[in-house]
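Survey of secondary and tertiary structure
Spelled out from the first residue to the last, the chains are:
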Amino acid sequence: MQTNLADFIKDTPEGKEAEAILRSCVHCGFCLATCPTYQLLGDELDSPRGRIYLMKQMLEGEPVTEKTQLHLDRCLTCRACETACPSGVRYGHLLDIGRGIVEKKVGRGLVAGSMRYVLRQALPNPGLFASLLKIGRAARPLLPEGLKDSIPAALVKESRSLRAARYERRMLVLQGCVQPGLAPNINAAAMRVLDKLGISLISAPDAGCCGAVSYHLNAQQEGLDYMRRNVDAWWPYVAPETEKGPGAKPGTKERATGGANEETRGIEAIVMTASGCGVTVKEYGHLLRHDPAYAEKAARISELTRDISEIVEAEMPALVSLLSKSAAGMENSKQKLAFHSPCTLQHGMRIRGVAEKILTAVGFDLTYVPDAHLCCGSAGTYSILQPELSQQLLKNKVTALESGHPDRIATANIGCLMHIRSGAALPVEHWIEILDEKLEVAQPGTIED
Ligand code: SF4
Ligand code: SF4
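Here we summarise the structure given alongside this text.

Reading guide: rules and limits
- Residues numbered from 1 in each chain as written.
- Chains lettered and ligands numbered in written order.
- Predicted model: local features only at pLDDT ≥ 70, side-chain atom pairs only at ≥ 80, totals over all residues.
- Heavy atoms only, no water.
- Near = heavy atom within 4 Å.
- Helix = DSSP H or I, 4+ residues; strand = E, 2+ residues; numbered from the N terminus.
- Nonpolar A, V, L, I, M, F, W, Y, C, P; charged D, E, K, R; others polar.
- Axes fitted to C-alpha atoms, helices over the stretch in contact; angles between N-to-C directions.
- Left-handed = near helix turned anticlockwise from the far one by under 90°.
- Contact = heavy atoms within 4.5 Å.
- Core = buried A, V, L, I, M, F, W, Y, C linked by side-chain atoms within 4.5 Å.
- Buried < 20%, exposed > 50% of the residue type's maximum accessible area, 1.4 Å probe, protein only.
- Domains from an automatic or database assignment.
- Parallel < 35°, antiparallel > 145°, perpendicular 65-115°, else oblique.
- Polar contact = N/O pair within 3.5 Å; in protein donor to acceptor, adjacent residues only side chain to side chain.
- Patch = residues over 30% accessible without salt bridge, like charges linked within 9 Å, V, L, I, M, F, W, Y side chains within 5 Å.
- Areas by Shrake-Rupley, 256 points an atom, 1.4 Å probe, with all protein chains shown as cover.
- Salt bridge = Lys/Arg side-chain N within 4 Å of Asp/Glu carboxyl O.
- Pairing = 2+ DSSP bridges.
- Disulfide = S-S within 2.5 Å.

**A short note on the site of ligand 2**
Taken together, Cys35, Pro36, Thr37, Pro48, Arg51, Cys75, Leu76, Thr77, Cys78, Arg79, Cys81 and Tyr91 make up all the residues around ligand 2. Only helix H3 (36–41) and helix H4 (48–59) provide two or more residues apiece to the shell around ligand 2. Broken down by class, the residue content of the shell around ligand 2 amounts to eight nonpolar, two polar and two charged.

Structure, rendered in C-alpha cells:
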C-alpha cells in the first residue's frame, strides 16, 4: 500500500515501523473473514483492512475523530488477522502505534478516562486487586445480576505453599498481577508438574505485572516501565557470570547484580502460565529496542521466555513414562475436554496444538470446537470496556465449546478462563491444573512433602 506519512511522524522510529507495516498490506481482504468484530458488526471499518486504512489516513495527517477512536477501540487485539494474512502484516504493532496517536489527538472524556485510569491502577497491583476482590465478593449478594457475574466467586482450589528450589534444573515463573488473586492454583500446579519432571520453578520477588494492561490502555510509557521493572527483577538470574562484578561479597552466595544467589543462578527459561503475559514478555525485546539501557537485556529476556506448554512438550517422554508407571494414571483417561486456545497463544505467540497434543497424549479425549480461531471476548480489559461485543463473543464461544459435550473446559490464560467461566455451565480450568490433577493420581505426593 503506497503511503506518504505526515511530518509529525515520518522520521520517528514509530513512523518508520508504521510505514513498513502499511506498505506490506496489499489490501487483499483475506483477513476480513477471520475478524470477530467484522463478523459481528459487518462494517468494513470494524475489520483489519478498514482499521489499517483508518490508521493510514491518520498517519498521513488526515483529521482524527472519535469515530476513528471507536473503531480502533472495538478491536480485540486478538491478531487472528495476522494468522490469516498472506503478506505477514504485523497488524498488532501498527495498532499499538495507531492507538497511541489517537489517544494523544482525541483524548478521553472524564468518565472513560477515569475508568481506564482505575483499571491501570487496580489490575497491575496484586495487593490492591486482591483487596478489591475481597470487597466485591462480600458485596456480591447485594449487587444486580449483571454486575454479580463480573465478580468471580471464591476459589474452589487453593494453592499450597511450595518449598524452595531443589533441582539443578531451574526456571523462573512470572506470578503476574491478577492471577495470584484469582487463581493461585495455576502456578502452584505448574510448580508441582515441573517438580515431578525434575525442574524447580522459582519466582523473582520484584517481578510483577508484565506491562500489558497499561500498554494496551494506551499508557504506553507506563507499560514500558513495568517491563523495565521485570527486566531488572529477572536480570540477576540470567545475567552472564562476567556481570558478577566487584560488589559480590566474598564468602557469600550473593551476586552483585541483584538478589539472586547460588540456588537461583543459571535459570533455563522464564515460564509463563498466562498466555496474555507470555505474548507481551516475548515482545519485550521489540518494545524496548529503542532504549539503550534495556534493549539488549530485554532481547535476552524475550529469548528465554516460554509458554508452559513449550516446557512440558519438551519433557513429554518423561511425562508419559511417569503416567505409564501407574494404572491409576489412566483412571480418568476417558474424560472429554474442550480446549479453548487463547488468541495470545495461537495468534500472538503462534503456538498451536501443543497443549492439545499434551492433553491427548496423557489420555484425555479432546472434543471438536468449531471456530476455534475466534476470540472469546475477554481480551484484557475488553470485557469491561466493550461489554456488549464481549458478551456476544462469549455466548458464541461457550456454545462452540459445549457443542462436543465435554466434561470440562480447559484453557491457557487467566483472562479467558475467568471470562468463559462466567458464561459456562461446565468447570473451566487451566490445562496445567488438569494435568497436575492427573499426575497427582498417578504419582501422589507434592513438593511440600
Ligand atoms: S490479509 Fe493482510 S494484506 Fe490482505 S488486507 Fe488483510 S492485512 Fe492487508
Ligand atoms: S486483531 Fe482481531 S479484532 Fe482486531 S482487526 Fe485483527 S482480527 Fe479483527
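**Here's the deal with the site of ligand 1**
With respect to spatial proximity, 13 residues lie near ligand 1, and among them Cys25, Cys28, Gly29, Cys31 and Cys85 are the closest. Its residues placed into classes, the shell around ligand 1 shows nine nonpolar, three polar and one charged.

**Things to note about the packing of helix H5 (residues 66–73) against helix H7 (residues 91–106)**
Contact geometry for H5 and H7: axes closest at 10 Å, N-to-C directions at 145°. Remark: the crossing between H5 and H7 carries left-handed chirality. Residues Glu66, Thr68, Gln69, Leu72 and Asp73 of H5 form the contact with H7, whose participating residues are Leu95, Gly98, Arg99, Val102, Glu103 and Val106. Among the residues making up the contact of H5 with H7, the classes are represented as four nonpolar, three polar and four charged.

**Describing the nonpolar core**
Of all hydrophobic cores here, the largest spans 98 residues; its most connected members are Trp234, Ile420, Trp431, Ile432 and Leu435. Shared between two domains, this core takes at least three residues from each, and those domains are domain 2 (111–149) and domain 3 (329–442). Here isoleucine 432 is in contact with Ile186, Ala189, Ala190, Val193, Ile308 and Val312, once residues within four sequence places are set aside. Ranked by size, the runner-up nonpolar core spans 24 residues in total, among them Ile52, Leu59, Cys81 and Val89.

**Some remarks on the packing of helix H12 (residues 185–196) against helix H25 (residues 431–442)**
For the pair H12 and H25, interaxial distance at closest approach is 8 Å and the crossing angle is 45°. Between H12 and H25, the crossing angle belongs to the class labelled oblique. Between H12 and H25 the crossing geometry is left-handed. Where H12 abuts H25, its residues Asn185, Ile186, Ala189, Ala190, Arg192, Val193 and Lys196 lie against Ile432, Glu433, Leu435, Asp436, Leu439 and Glu440. Here the residues of the contact of H12 with H25 are counted per class, giving seven nonpolar, one polar and five charged.

**Examining the environment of glutamate 82**
Inspection of the secondary structure puts glutamate 82 in helix H6 (residues 80–84). For glutamate 82, a relative accessible area of 4% gives the class buried. Separated by 48 residues in sequence, glutamate 82 and threonine 34 have C-alpha atoms that sit 9.6 Å apart. Glutamate 82 has contacts with Val89, Arg90, Tyr91, Gly92 and Arg350, leaving out every residue within four places of it along the chain. A polar atom in the side chain of glutamate 82 sits 3.2 Å from the backbone nitrogen of tyrosine 91.

**Describing a nonpolar patch on the surface**
Residues Leu128, Leu132 and Ile135 make up a contiguous nonpolar surface patch of about 270 Å² in total accessible area. Relative to the elements of secondary structure, isoleucine 135 occurs in helix H9 (residues 126–139).

**Focus on the pairing of strand S5 (residues 336–339)**
In the sheet, S5 pairs with strand S6 (residues 365–366) via two bridges, with the strands oriented parallel. Opposite leucine 337, over in S6, you have leucine 366 as the bridge partner. Judged from the three bridges that link them, S5 and strand S7 (residues 408–411) form a sheet pairing that is parallel. Its bridge partner being in S7, phenylalanine 339 is matched across the sheet by alanine 410.

**Some details on the environment of lysine 134**
Following the sequence through the fold, lysine 134 ends up in helix H9. Residue lysine 134 is classed as exposed on the basis of its relative accessible area, which comes to 64%. The sequence separation of lysine 134 and glycine 181 amounts to 47 residues, and the corresponding C-alpha distance is 9.5 Å.

**Brief notes about the state of the cysteines**
A complete count under the given rule lists zero disulfides for this structure. Just so you know, cysteine 209 is unpaired, no disulfide at all, and the nearest cysteine sulfur is the one on cysteine 177, 3.9 Å from it. For cysteine 209, a relative accessible area of 1% corresponds to the buried category.

**Some thoughts on unusual backbone geometry**
At threonine 77, a residue that is not glycine, the phi angle is positive and equals roughly 55°. In this fold, threonine 77 is placed in the loop between H5 and H6. You can call threonine 77 partly exposed: its relative accessible area is 21%. Despite not being glycine, arginine 350 has its phi angle at roughly 55°, a positive value. Within the element layout of this structure, arginine 350 appears in the loop between helix H20 (343–348) and helix H21 (354–361).

**As for the sheet that holds strand S2 (residues 200–202)**
Strand pairing within a sheet occurs via backbone hydrogen bonds; the two strands may be parallel or antiparallel. The parallel open sheet is built from four strands, whose spatial order is S2-S1-S3-S4. Since the sheet does not close on itself, it has two edges, and those belong to S2 and strand S4 (305–307), each with one partner. On average, each strand axis in the sheet is inclined to that of its neighbour by 40°, with strand direction left out of account. As paired strands, strand S1 (residues 170–173) and strand S3 (residues 270–272) are joined by two bridges and run parallel to one another. Residue pairing across strands places valine 173 opposite valine 271, the latter belonging to S3. Running at roughly 30° to S4, helix H17 (residues 295–304) makes contact with S3 and S4 of the sheet.

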